[in-house]
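Chains, contacts and geometry: an overview
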Amino acid sequence: MSAIIEVRDVKKTYHRGNQPIPVLDGIQLSIEQGAFEALMGPSGSGKTTLLNLIAGIDRPTSGQVIVGGEDITHFSEGDLATWRARHVGFIFQFYNLLPVLTAFQNVELPLLLTKLGKAERQKRVETALRVVGLEDRMHHYPRELSGGQEQRVAIARAIVTDPTILVADEPTGDLDRKSAEEILKLLSLLNTKFNKTIVMVTHDPAAAQAAKIIRRLDKGRLAEETRPSA
Amino acid sequence: MNFPILVIKSAFRNRVRTVLTSIGVAVTIIAFLFLRTFIAAWYAGAESAGADRMVVRNKTAIIFPLPLAYASKVKNVPGVSALSYMVWFGGYYKDPKQFFAKFAMEDHALELYPEVLVPPAQMEAFKQDKQGAVIGVRLAEKYGWKIGDRVTLTGDIYPGEWSFNVRALYTATSKTFDQQTMYFHWTYLNDALVEEKRDQVGILIFKVGAATDSAQVARSVDQLFANSSAETRTESEKAFQNEFLSMSSQLLGAISVISMVVLVILVLILANTLSMATRERTTEYAVMRALGFQPAHVVRLVLGEGFVISLVGVALGVGLAAPVLRFFADLFQRELGPFLGAFEIDPKLVALAVAIALACGMFSAALPAWRAGKLKIVDSLRRVE
Ligand SMILES: Nc1ncnc2c1ncn2[C@@H]1O[C@H](COP(=O)(O)OP(=O)(O)OP(=O)(O)O)[C@@H](O)[C@H]1O
Ligand SMILES: [Mg+2]
């Protein structure tokens, strides 16, 4: 299988005043189509930074990020946005649903950027909500849902556009053990049954067990990958 | 769902704040409409003046009278057609604070005002009764006076008790002609005065023919009395009223400035709400941007919110403006009747207020929108964590 995500010699340096802070220091990474990878490492090691680069919401200081064969490194702001709408599904630690919208409308939100008609949108939203097991909650507002349910709505929002990759930054970080397990099971299902490529940042070794491959990031460098089951 | 629905739902995120802001917008709109209408009404009083009517007054000041003898002299000036005269009576009915205008007029004075309508039979009855009075219908309504009622005024310029019989009611076809004025016979007043106060008038009013050069006529009239003890100043009724009103030009200027200040307040109210609303929603905008929405989408969302909030406020303000202004219209008609024209909201002014308020909404949203549009996604997402 070919690499769907390729990170070539990526460096990312922040500046605090005149002081350069190297966060990523020459990352080489290749992720296969259909992979489910967990990115682990100590706090401040650059996990979120790397994930953001892969997802096209941030740019490397140097190096290349190639997703689905497209080098997104030099995309304009507008082109990047269009690209993300098409290719990236986001899952955040704090769900980040819009509180003024119902579950249904939150899932529908990214479809507003497509040319799909109302009927087609509705079909897709209902399908996505069925996959996450929340079709009976579609008219609920986020405040009427539990944390685990909110995260499932967020996952439905991430998959409704059928993106090339799913990125999740600590998707279980704010959930109790039981809800976290449900979310991880859901991600595994998306990976195995729907063949979604997933990159997940996590602190939690138990969560990382859900992934097929675990990578460790330390001081801006990637260590050897491991396989949880192996 | 579609984008407009998203905008509306976002605008009503914080319902209390949105409603309070809308009320704030509504109040400023009402204040703006009120102040502008007040100014317009004030000037309308002057606008209504007949173009073909001329007024002769004492050159020194309006409060000084002119000798009655001037009337017959002015009548003979070429170009002068109908001529009449009247004098300001002052005085009050029962309560000095309850103001309405009272004039002692030459019997035919109202005939110079085609916009004033009096039933002929009533006019005849007025002329027959030395103590007769012609009163405006609104004045009659206000005090419940009917034909035949006896009304006693207390004089101040002309001290004493003065009794009149209501003989005629007038209406006016022009909205700006005051309908709360009382007219009575100049001869009744004159005959009651002591010798040295008699035979004086406040102003002479005359008409000039359509083809006549009214400026020339005015010069001829004033020339007649040049170097006399009572020099005159003759001008069109419009100029006369404008001058009378210009006494208040500073007041009007101040009101005009306040009406502009009100708009500044409008912008501040909206800008405050919108910048608060957008600042606490930075993460949401970042999420939308991450999902693929363009900076322009976010800009439009914020501008749209400004538009929706000001639209609600405008609708509320315009809806409430009519009853509020009607309340003040009645109040002013009672207190300031003779000085003000019709106190009615001009639809054009409403359109202007709506346009201004919506523009203010967009203007206030411009900065928050610009900020939201250029936010850095990763920084804004990080903020929560
Ligand atoms: N905008 C920024 N300016 C300066 N430094 C930054 C900025 N964003 C991130 N950093 C720094 O970069 C480093 C890596 O941050 P990052 O969020 O990628 O770490 P992380 O591995 O995700 O950590 P955590 O597990 O705590 O989420 C940190 O030291 C952080 O302080
Ligand atoms: Mg992180």
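For clarity, every value in this text was computed on a predicted model and none was experimentally measured. (Residues numbered from 1 in each chain as written. Chains lettered and ligands numbered in written order. Predicted model: local features only at pLDDT ≥ 70, side-chain atom pairs only at ≥ 80, totals over all residues. Heavy atoms only, no water.)

1. A word on the packing of helix H2 (residues 77-87) of chain A against helix H10 (residues 282-291) of chain B
- With their axes 7 Å apart at the nearest point, H2(A) and H10(B) run at an angle of 75° to one another. One element, H2(A), and the other, H10(B), form an angle in the roughly perpendicular class. The segment H2(A) lies against H10(B), with Glu77(A), Ala81(A), Arg84(A) and Ala85(A) engaging Arg289(B), Ala290(B) and Leu291(B).
- Here the contact of H2(A) with H10(B) is built from residues that sort into 4 nonpolar, no polar and 3 charged. (Axes fitted to C-alpha atoms, helices over the stretch in contact; angles between N-to-C directions. Helix = DSSP H or I, 4+ residues; strand = E, 2+ residues; numbered from the N terminus. Parallel < 35°, antiparallel > 145°, perpendicular 65-115°, else oblique. Contact = heavy atoms within 4.5 Å. Nonpolar A, V, L, I, M, F, W, Y, C, P; charged D, E, K, R; others polar.)

2. Observations concerning the sheet that holds strand E8 (residues 197-201) of chain A
Residues and elements named next belong to chain A.
- What the 6 strands build is an open sheet, ordered E6-E7-E8-E3-E9-E10; its pairing is mixed. Bordering the open sheet on either side are strand E6 (88-91) and strand E10 (221-222), each of which pairs with just one other strand.
- Sheet analysis places strand E7 (residues 165-169) next to E8, joined by 5 bridges and oriented parallel. Its bridge partner lying in E8, Val167 is registered against Val199.
- Across the face of the sheet, H2 comes into contact with E6 and E7 while running at roughly 80° to E6. (Pairing = 2+ DSSP bridges.)

3. Details of the interface of chain B and chain A
- Listed as interface residues are 24 residues of chain B and, on the opposing side, 28 residues of chain A.
- At the boundary of chain B with chain A, total buried surface from both sides reaches about 2500 Å², with 64% on carbon and sulfur atoms.
- Per-residue buried area on chain B facing chain A is highest for Met1(B), Lys9(B) and Leu291(B); these three make up 30% of the total on that side.
- The interface formed by chain B and chain A contains 1 salt bridge.
- Of the charged contacts in the structure, one is a salt bridge between Glu77(A) and Arg289(B), with a shortest N-O distance of 2.7 Å.
- At the boundary of chain B with chain A, the tally comes to 10 residue pairs in polar contact (both at pLDDT 80 or more).
- Looking at the side of chain B that touches chain A, the elements that each hand over two or more residues are helix H1 (3-11), H10, helix H11 (295-336) and helix H13 (377-382) of chain B.
- Tallying contributions element by element places H10(B) first for the side of chain B that touches chain A, with 7 residues.
- The class makeup of the residues in the side of chain B that touches chain A is 12 nonpolar, 6 polar and 6 charged. (Buried area = accessible area lost by both parts, 1.4 Å probe. Salt bridge = Lys/Arg side-chain N within 4 Å of Asp/Glu carboxyl O. Polar contact = N/O pair within 3.5 Å; in protein donor to acceptor, adjacent residues only side chain to side chain.)

4. Quick notes on the site of ligand 1
- Close to ligand 1 lie 15 residues, the nearest being Ser43(A), Lys47(A), Thr48(A), Thr49(A) and Arg382(B).
- Surrounding ligand 1 are residues belonging to chains A and B, so the site spans chains.
- Within the side chain of Ser43(A), an N or O atom sits 2.5 Å from an oxygen atom of ligand 1.
- Contact with the protein chains removes 74% of the 630 Å² of surface that ligand 1 exposes when unbound.
- Only strand E1 (3-16) and helix H1 (47-54) of chain A together with H13 of chain B provide two or more residues apiece to the shell around ligand 1.
- It is H1(A) that provides the largest number of residues to the shell around ligand 1, a total of 3 residues.
- Residues belonging to the shell around ligand 1 are distributed by class as follows: 3 nonpolar, 7 polar and 5 charged. (Near = heavy atom within 4 Å. Areas by Shrake-Rupley, 256 points an atom, 1.4 Å probe, with all protein chains shown as cover.)

5. Description of the environment of Thr226(A)
All names here are of chain A.
- Relative to the elements of secondary structure, Thr226 occurs in the segment after E10.
- Relative accessible area serves as the criterion here: at 33%, Thr226 is assigned to the partly exposed category.
- Separated by 11 residues in sequence, Thr226 and Arg215 place their C-alpha atoms 6.5 Å apart.
- Discounting chain neighbours no more than four positions away, the residues touching Thr226 are Lys212, Ile213 and Ile214. (Buried < 20%, exposed > 50% of the residue type's maximum accessible area, 1.4 Å probe, protein only.)

6. A look at the sheet that holds strand E4 (residues 62-67) of chain A
Residues and elements named next belong to chain A.
- Reading across the sheet, the 4 strands line up as E2-E1-E4-E5 and stay open at both edges, with antiparallel pairing between neighbours. Pairing within the sheet leaves two strands with one partner each, and these edge strands are strand E2 (19-32) and strand E5 (70-71).
- As paired elements, E4 and E5 share 2 bridges and run antiparallel to each other. Along E5, the bridge assignment pairs Val67 with Glu70.
- Most of the contacts of H1 go to E2, to which it runs at about 60°, and overall it touches E1, E2 and E4.

7. Some points on the domain arrangement of chain B
- Assigned domains within chain B: domain 1 (3-46 + 248-382) and domain 2 (60-230).
- For domain 1 of chain B and domain 2 of chain B, the distance between their C-alpha centres works out to 47 Å. (Domains from an automatic or database assignment.)

8. Quick look at the nonpolar core
- Judged by nonpolar contacts, the single largest core of 86 residues is most densely connected at Ile5(A), Leu50(A) and Leu109(A).
- It is helix H2 (residues 15-47) of chain B that contributes the most residues to this core, 10 residues altogether.
- For Ile5(A), the contacting residues outside a window of four places in its chain are Leu29(A), Ser30(A), Ile31(A), Ile54(A), Ile66(A), Val67(A), Ile165(A) and Val199(A).
- Counting residues in hydrophobic clusters, the runner-up holds 41 residues, among them Val74(B), Ala140(B), Phe225(B) and Ala230(B). (Core = buried A, V, L, I, M, F, W, Y, C linked by side-chain atoms within 4.5 Å.)

9. Regarding a nonpolar patch on the surface
Residue and element names in this part refer to chain B.
- A cluster of nonpolar side chains, Val16, Val19, Leu20, Ile23, Val27, Leu316 and Leu320, forms an exposed patch at the surface whose accessible area comes to about 600 Å².
- Contributions of two or more residues to the nonpolar patch are made by H2 and H11.
- Looking at the nonpolar patch, the element that brings in the most residues is H2, giving 5 residues.
- Along the chain, the position of Leu320 falls in helix H11. (Patch = residues over 30% accessible without salt bridge, like charges linked within 9 Å, V, L, I, M, F, W, Y side chains within 5 Å.)

10. A few points about the packing of aromatic side chains
All names here are of chain B.
- Scanning all chains against the criterion turns up 20 aromatic pairs over all chains.
- Ring centres 6.1 Å apart and planes at 75° place the aromatic pair Phe100 and Trp145 in the edge-to-face group. You can see Phe100 sitting in the loop between strand E3 (80-88) and strand E4 (102-105) and its partner Trp145 sitting in the loop between helix H5 (137-143) and strand E7 (150-155), a full 45 residues away along the chain.
- On the basis of relative accessible area, Trp145 is assigned to the buried category, the value being 8%.
- Members of the aromatic cluster, each reached through a chain of ring pairs, are Trp88, Phe99, Phe103, Tyr113, Tyr170, Phe177 and Tyr183.
- Above the plane of the ring of Phe100 lies Lys102, whose end atom (NZ or CZ) is 4.4 Å from the centre. (Phe/Tyr/Trp six-rings, centres within 6.5 Å; stacked < 30°, edge-to-face > 60°. Lys NZ or Arg CZ within 6 Å of the ring centre and 35° of its normal.)

11. Remarks on unusual backbone geometry
- Residue Tyr95(A) is not a glycine yet carries a positive backbone phi of 65°.
- Note on placement: Tyr95(A) falls in the loop between E6 and helix H3 (103-108).
- In this structure Tyr95(A) comes out as buried when scored by relative accessible area, which is 8%.
- A positive phi angle, near 65°, is found at Lys94(B), a position not held by glycine.
- Tracing the backbone through its elements, the reader meets Lys94(B) in the loop between E3 and E4.
- Using a relative accessible area of 67% as the deciding quantity, one classes Lys94(B) as exposed.

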